[in-house]
Structure formats: C-alpha cells, structure tokens
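Secondary and tertiary structure notes
Residue strings, one per chain:
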Amino acid sequence: MILFFDTEFTDFLDIELISIGLVSEDGHHTFYAERSDYRAVACSEFVRQAVVPLLGKWPDRIFTREALSRELYSWLASLHGRILLACDSAHDRDLLLDSLEGELPKNVLAKPLSLANYHADPVFSAAESKYFQDNGVTRHHALHDALGLRAGWLGQRG
C-alpha cells in the first residue's frame, strides 16, 4: 500500500511540525492531525498567512506532540500489509519520522518514495492542480496536499 503524505511546519530554519496528512492510494485510509503545542512564534510570515488560517477546522484532530505521536503510530500499525510512504520533500519525511520519535511501525518500509521530481511531469502537475480546483481547496493544508499528491500519482497512471 502506498500512503501519500504531507506536512506543514513552522519555518525552514526553525522547523517544527504543525500538521500532517496521509492518504492511501486507494483513498480508503486517511489520517490528519494538527499540533496544539507548536511554537507559533517560530512560524514564518508565509506560514502565518497561508497555513495557520487553514487550521482548526477539525477540533477532534488537534493533539499535543506526544498524543499525535501515539495516534499516528497506532494508525499506521493498524494498516494491513507493507506500507510505502510517498512525499515530495525531505522535510516531510524528516518531520514524519520525528513525529514518530524515530520509530516506524514494523509494517512501514524505512525508505519513502520521493515524489520531488514528479511535479515537473505535466500530467502529474495537471492532475494535482485539478484536485484543488475540483474540491475548492487551497494548497498548504497537509491533508489536501497529500490528497493532491495522490491525485497527481493516479493521473499519471491513467
């Protein structure tokens, strides 16, 4: 099973997880969580303007760092079969691993699939953009960005 994921974080230099979203290739499994205890003072101006206004829509998906770690680990471990994670940034990969305190469940493969170069593919990029247009959502929300990656992947495969 492929799980597409994305994160939002405070700043590239003072990086701290704000939110994370994951979705399976078949669309049957989704996970979304926000941190209640990220340091708002560490947020870049871009994050304050583009990311923060998108937060708080699902109050039951807001956790402390420790609770998010437990919730994410349990969710991943509950999925059947081998899991290949897929993301478009090394920051996402590092933040996911950090949020799990460096411990992946046994069913998750250690090396994620990098989608960093996929955005250059016009078919992938068009399918990803179409997801945002069709659903009336914007980028920089971790779950929607993960769903966009999934849409690009599926679009590329026809």
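See above for the structure.
An account of the accompanying structure is given in this report.

Reading the values: rules and limits
- Residues numbered from 1 in each chain as written.
- Predicted model: local features only at pLDDT ≥ 70, side-chain atom pairs only at ≥ 80, totals over all residues.
- Heavy atoms only, no water.
- Pairing = 2+ DSSP bridges.
- Helix = DSSP H or I, 4+ residues; strand = E, 2+ residues; numbered from the N terminus.
- Contact = heavy atoms within 4.5 Å.
- Axes fitted to C-alpha atoms, helices over the stretch in contact; angles between N-to-C directions.
- Buried < 20%, exposed > 50% of the residue type's maximum accessible area, 1.4 Å probe, protein only.
- Right-handed = clockwise from strand over helix to strand, strands pointing away.
- Salt bridge = Lys/Arg side-chain N within 4 Å of Asp/Glu carboxyl O.
- Polar contact = N/O pair within 3.5 Å; in protein donor to acceptor, adjacent residues only side chain to side chain.

Points about the sheet that holds strand β2 (residues 17-24)
- Read from one edge to the other, the open sheet built from six strands follows the order β4-β3-β2-β1-β5-β6, with strand pairing classed as mixed. Sheet topology places β4 (62-63) and β6 (113-114) at the edges, where each strand pairs with a single neighbour.
- Where strand β3 (residues 30-35) lies against β4, two bridges are found, and the strand directions are parallel. By the bridge assignment, E34 is partnered in β4 with I62.
- Of the strands in this sheet, β1 (2-9), β2 and β5 (84-87) are in contact with helix α3 (residues 90-99), which crosses β1 at around 90°.

A look at the pairing of β3
- Counting buried positions along β3 gives five out of six residues, so the element sits mostly inside the fold.
- Once β2 ends, the chain turns through five residues before running back antiparallel as β3, passing G27 with a positive phi of about 80°.
- In terms of handedness, the path from β3 via helix α1 (residues 45-50) over to β4 forms a crossover that is right-handed.

Examining the pattern of salt bridges
- Within the structure shown, the criterion is met by 10 salt bridges.
- A salt bridge links E16 to R39; the nearest nitrogen and oxygen atoms lie 2.9 Å apart. With E16 in the loop between β1 and β2 and R39 in the loop between β3 and α1, this residue pair connects regions lying 23 residues apart in the sequence.
- The exposure class assigned to E16 is buried, which follows from its relative accessible area of 12%.
- A salt bridge links E45 to R48; the shortest N-O distance between them is 2.9 Å. Of this pair, E45 and R48 are both found in helix α1, three residues apart, which corresponds to roughly one turn of the helix.

Quick word on the environment of D26
- Here D26 shows up in the loop between β2 and β3.
- Considering only alpha carbons, one finds D26 and S74, 48 residues apart in sequence, at a separation of 20 Å.
- There is a polar contact of 2.6 Å between the side chain of D26 and the side chain of S24.
- A distance of 2.8 Å separates a polar atom in the side chain of D26 from the backbone nitrogen of H28.

What about the environment of L95?
- Examined against the element boundaries, L95 turns out to sit in helix α3.
- Judged by its relative accessible area of 6%, L95 falls in the buried class.
- Residues L95 and T7, spaced 88 residues apart in sequence, show a C-alpha to C-alpha distance of 7.4 Å.
- The residues contacting L95, other than those within four sequence positions of it, are T7, F9, I15, E16 and L17.

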